[in-house]
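Observations on chain architecture
Letter by letter, the chains look like this.
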Amino acid sequence: VQLQASGGGLVQAGGSLRLSCAASRSIDSLNSMGWYRQAPGKQRDLVAITSGENTDVVDSVKGRFSISRDNAAATVYLQMNSLKPEDTAKYYCRATVRTVLGLTQIYWGQGTQVTVSS
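All values derive from a computational prediction rather than experimental measurement.

1. What about the sheet that holds strand β1 (residues 3–6)?
Taken together, 4 strands build an open sheet; the order of strands is β1-β3-β8-β7 and the sheet is antiparallel. Single-partner strands in this sheet number two, and they are β1 and β7 (65–70). Averaged over all pairs of adjacent strands, the angle between strand axes in this sheet comes to 15°, irrespective of strand direction.

2. A closer look at the layout of surface pockets
Leftover empty space is mapped by rolling, across the atoms, a probe with the size of a water molecule. Taken as a whole, the largest pocket holds about 180 Å³ of empty space. Lining the largest pocket are 14 residues, with R37, A39, K42, D45 and E86 positioned closest to its centre. Within the residue set of the lining of the largest pocket, elements represented by two or more residues are β4 (32–38) and β5 (45–51). A total of 3 residues in the lining of the largest pocket trace back to one element, the largest contributor, which is β5. When grouped by side-chain class, the residues that make up the lining of the largest pocket number 6 nonpolar, 4 polar and 4 charged.

Rules used throughout
Residues numbered from 1 in each chain as written. Predicted model: local features only at pLDDT ≥ 70, side-chain atom pairs only at ≥ 80, totals over all residues. Heavy atoms only, no water. Pairing = 2+ DSSP bridges. Helix = DSSP H or I, 4+ residues; strand = E, 2+ residues; numbered from the N terminus. Axes fitted to C-alpha atoms, helices over the stretch in contact; angles between N-to-C directions. 1 Å grid on protein atoms, 1.4 Å probe; cavity = no way out; pocket = protein on both sides within 12 Å on 5 of 7 lines; lining within 4 Å. Points joined across faces, edges and corners; volume = space filled by probe spheres on them. Nonpolar A, V, L, I, M, F, W, Y, C, P; charged D, E, K, R; others polar.

What follows is the structure, encoded as structure tokens:
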């Protein structure tokens, strides 16, 4: 699975961005898709995830960020509202596939930079 992330940019605090992650194959068959972020010098952390009909976001972005999917377009979105400077990071899309043997394959997109100015 190839993942192409886009939509990052520079925005002022309080602004909004929508990130897109386009997959090279149908996302219906994927076990999950999610967004992670990594700030300089920090580890990569989960932001939001979708699996089947379920979605979830981490507490630090709850009420501001939401994840959605368009199966027909094989794309997952991360809508980010009320952005804060601490949201500045490179955002990565990740997909997981469960194999017939029960193993989990993980695929990463190239990342898109989000910078929030104060």
